[in-house]
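If you want the building blocks of each chain, they are given just below.
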Amino acid sequence: MKVWFYLPLVHSSLLDNPRCYEFATKVRNVLKDKRGWSNHGYAFVELRSKDDARLVSNNDIMLLKLVPPSIMYDAYPQFKDEQLSVANVAAHTVDFNSDRWFGDIGNKSGLPLFDYQTYLVNHEVGHILGKGHLNPSNSLPSVPTPVMIQQTKGIGDFMPNPWPTDLDSK
Ligand SMILES: [Zn+2]
């Protein structure tokens, strides 16, 4: 079983927004949930600070950051048009677009916001685990949507679902 350490971070410019307070809790709950990647051969240990991170090999750490789009697309201008979150796989870093996270921008996942946030964590962490996008051509209402589909853009005829499926494990 591969063990990953993760550090949830909220950009300083968001700290006066009460909606950001639950970001770390949400990330923690999704990563420890038995319906998540922990059911697919991974384990996750939370780091509490950047000081903690110094004690662990950088190869085993992922940084999960909530960032306002006005700042994150300075670093990733190629993603600005679609306003998606960005997983920098080489750097083991995810920037979550805070407007998406808060539901200020709509999405086509078919999920209520609480579950859409679950999907966002599972999808972006999936990239850091080395998983790419899935584009299955035949979607069925009886089959839960894989999380490695870009659900923000739509889920075809799949059943709305925020948790990794057998299709995501491959
Ligand atoms: Zn993606």
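These numbers were taken from a predicted model, which means no experiment stands behind them.

> Describe the overall build of the protein chain, and please don't skip the residues or the numbers.
Each helix and strand in the protein chain was counted, giving six helices and five strands. Traced from its N-terminal end to its C-terminal end, the protein chain shows the element sequence β-α-β-α-β-α-β-β-α-α-α. On C-alpha atoms alone, the protein chain measures out to a radius of gyration of 15 Å, which is about the 15 Å that the 2.2 N^0.38 rule sets for 170 residues. Reported as C-alpha extents along the three principal axes, the dimensions of the protein chain are approximately 45 × 35 × 30 Å.

> Could you give an account of helix α5 (residues 113-128), naming the residues involved and the relevant values?
The end-to-end C-alpha separation of α5 is 23 Å, in line with the 22 Å expected for 16 residues at 1.5 Å each. Where α5 is concerned, the buried positions are Tyr-116, Gln-117, Thr-118, Tyr-119, Leu-120, Val-121, Asn-122, His-123, Glu-124, Val-125, Gly-126 and Ile-128. Tucked inside the fold, the buried residues of α5 contact α1 (23-32), β3 (61-67), β4 (86-88), β5 (93-97), α4 (98-101) and α6 (166-169).

> Please give an account of the environment of Trp-101 that cites residues and values.
Mapped onto the elements, Trp-101 comes out in helix α4. As a C-alpha pair, Trp-101 and Ser-85 span 16 residues in sequence and 9.1 Å in three-dimensional space. Discounting residues that sit within four places of it in the chain, Trp-101 has contacts with Leu-66, Phe-96, Gln-117 and Leu-120.

> Any chance you could break down the environment of Lys-170 for me, citing the residues and the numbers?
Along the chain, Lys-170 falls in the segment after α6. Exposure remark for Lys-170: the 9 C-beta atoms within 10 Å place this residue in the exposed category.

> Please provide a residue-by-residue account of α1, values included.
For α1, the complete set of buried residues consists of Phe-23, Val-27, Val-30 and Leu-31. Looking straight down α1, one finds its buried side chains confined to an arc of 95 degrees; they lie on one side. Taken together, the buried residues of α1 touch β1 (2-10), β2 (42-46), β3 and α5.

> Explain the environment of Ser-139 residue by residue, including any values.
Relative to the assigned elements, Ser-139 resides in the loop between α5 and α6. In the structure, Ser-139 is positioned 20 residues away from Met-159 in sequence and 8.7 Å away in space, judged by C-alpha atoms.

> Which residues make up the pairing of β1, and what values go with them?
As judged from the five bridges shared by β1 and β2, these two strands associate in the parallel manner. Across the sheet, Tyr-6 pairs through a bridge with Glu-46, a residue of β2. As for the winding sense of the linkage, the β-α-β connection from β1 through α1 to β2 is right-handed. Relative to β3, β1 runs parallel, the two being bridged by six bridges. Looking at β3, one finds that Leu-7 is bridged to Leu-63.

> Explain the sheet that holds β2 to me, and be specific about the residues and the numbers.
Taken together, the five strands give an open sheet; going across it, the order is β2-β1-β3-β5-β4, and neighbouring strands pair in mixed fashion. Taken across any chain shown, the strands that pair with only one partner, and hence form the sheet edges, are β2 and β4. Each strand of the sheet is rotated relative to its neighbour by a mean of 25 degrees, with strand direction disregarded. Sitting on the sheet, α1 touches β1, β2 and β3, and the angle it makes with β1 is about 165 degrees. Sheet strands in contact with α5 are β3, β4 and β5, and its direction is about 155 degrees off that of β5.

Conventions adopted
- Residues numbered from 1 in each chain as written.
- Predicted model: local features only at pLDDT ≥ 70, side-chain atom pairs only at ≥ 80, totals over all residues.
- Helix = DSSP H or I, 4+ residues; strand = E, 2+ residues; numbered from the N terminus.
- Rg over C-alpha atoms; globule rule 2.2 N^0.38 Å.
- Expected span 1.5 Å × (residues − 1).
- Buried ≥ 20, exposed ≤ 12 C-beta atoms within 10 Å, placed from the backbone.
- Contact = placed C-beta atoms within 7 Å.
- Arc of directions from axis to C-beta.
- Pairing = 2+ DSSP bridges.
- Right-handed = clockwise from strand over helix to strand, strands pointing away.
- Axes fitted to C-alpha atoms, helices over the stretch in contact; angles between N-to-C directions.

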